[in-house]
Structure formats: C-alpha cells, structure tokens
Amino acid sequence: MKRNLVKEPTTWSEEIAVGGRQLVAVIERLVAEGNVRRLIVMKADGKVLFETSVTTGAAVAGVFTILAPMLTAIGALAALFAQVRVKIVYIGDPPRS
C-alpha cells in the first residue's frame, strides 16, 4: 500500500498595533503582499472584532473586490477605537532577523 503524504505549508504569525483609522490601509498592504493566510482584528483587550481567511493564489484585485464591503465595515468599526491589534498569519517561513 502506497501513501501520499501532503506537506502542509509552514505558517507563522505576528501581531501589530495600529490606530483604528489606519486599519484599512494596513489590511490592504498586507493582502497585497500575497503571503497572508488569515487576519484577526482585535480590540486592545483581546476581544476579536473581525476574523477572516485570505485565499491564497487569488488575484489581488479579486481579493480587494471581494473584501471591499468588509473593509468598509471594518474601517467604520475600527474608527470607534483609538487602537486595535491585528494578528497576521503568514504562509511560508518567517523572515530571518
């Protein structure tokens, strides 16, 4: 019996703090990088406001078209908070320091 083993891609994450008004610009920049698997937006106390997976291999323009209504809602919600945290889960190996 022969088994086909599928290797899952390596992932790593980081968390950044941004002002609520800059959140949409940060998300757009991260999605444009192309190696983001998941985005989690949290209040300063850690409560999750928004969580989504970003489809890998999708064209950036297509991703922005799909995410546009969500980005508008996220921007309006985040503007209510002085600071939010964004947890970004990347695909691939972390950059070397």
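Details of the structure are given in the entry above.
### Here's the deal with the overall build of the protein
So, step 1. Helix and strand counts for the protein come out as 2 helices and 4 strands.
So, step 2. When its helices and strands are written in sequence order, the protein yields β-α-β-β-α-β.
So, step 3. Intrachain contacts of the protein at a sequence separation of at least 6 include 74% that bridge at least 24 residues.
So, step 4. Approximately 6500 Å² of the protein is accessible, and the part contributed by carbon and sulfur atoms is 55%.

### A few points about the sheet that holds strand β3 (residues 48–53)
So, step 1. With antiparallel pairing, the 4 strands of this open sheet are ordered in space as β1-β4-β2-β3. Strands at the two margins of the open sheet, each flanked by one partner only, are β1 (11–19) and β3. Adjacent strand axes in the sheet meet at a mean angle of 15 degrees, parallel and antiparallel pairs treated alike.
So, step 2. Across 7 bridges, strand β2 (residues 36–43) lies against strand β4 (residues 83–91) in antiparallel orientation. Counted as the bridge partner of Met42 is Arg85 from β4.
So, step 3. Across the sheet, helix α1 (residues 23–33) lies against β1, β2 and β4, angled at about 165 degrees from β2, the strand it touches most.

### Brief notes about the nonpolar core
So, step 1. With 19 residues, the main nonpolar core has Leu23, Ile27, Leu30, Val36, Leu39 and Ile88 as its most contacted residues.
So, step 2. Elements with a minimum of two residues in this core: β1, α1, β2, α2 (60–78) and β4.
So, step 3. Sequence-distant contacts of Val36, defined by excluding residues within four places in its chain, comprise Leu30, Val54, Ile88, Val89 and Tyr90.

### Focus: the pattern of salt bridges
So, step 1. All chains considered together, the criterion is met by 2 salt bridges.
So, step 2. With a closest N to O distance of 2.8 Å, Glu15 and Arg85 form a salt bridge. Of this pair, Glu15 sits in strand β1 while Arg85 sits in strand β4, placing them 70 residues apart in sequence.
So, step 3. You can call Glu15 partly exposed: its relative accessible area is 45%.
So, step 4. Its relative accessible area of 26% is what places Arg85 among the partly exposed residues.
So, step 5. A salt bridge links Arg38 to Glu51; the nearest nitrogen and oxygen atoms lie 3.0 Å apart.

### A word on α1
So, step 1. Within the sequence span of α1, burial applies to Leu23, Val26, Ile27, Leu30 and Val31. All buried residues of α1 fall inside an arc of 130 degrees around its axis, so they share one side.
So, step 2. Gly34 sits one or two residues past α1 and shows a positive phi near 85 degrees.

### Quick look at the pairing of β3
So, step 1. Sheet topology places β2 next to β3; 5 bridges connect them, and they run antiparallel. Bridging from a neighbouring strand, Leu39 pairs with Thr52 of β3.
So, step 2. Two successive antiparallel strands, β2 and β3, enclose a turn made up of 4 residues, where Gly46 displays a positive phi of approximately 95 degrees.

Conventions adopted
- Residues numbered from 1 in each chain as written.
- Predicted model: local features only at pLDDT ≥ 70, side-chain atom pairs only at ≥ 80, totals over all residues.
- Heavy atoms only, no water.
- Helix = DSSP H or I, 4+ residues; strand = E, 2+ residues; numbered from the N terminus.
- Contact = heavy atoms within 4.5 Å.
- Areas by Shrake-Rupley, 256 points an atom, 1.4 Å probe, with all protein chains shown as cover.
- Pairing = 2+ DSSP bridges.
- Axes fitted to C-alpha atoms, helices over the stretch in contact; angles between N-to-C directions.
- Core = buried A, V, L, I, M, F, W, Y, C linked by side-chain atoms within 4.5 Å.
- Buried < 20%, exposed > 50% of the residue type's maximum accessible area, 1.4 Å probe, protein only.
- Salt bridge = Lys/Arg side-chain N within 4 Å of Asp/Glu carboxyl O.
- Arc of directions from axis to C-beta.

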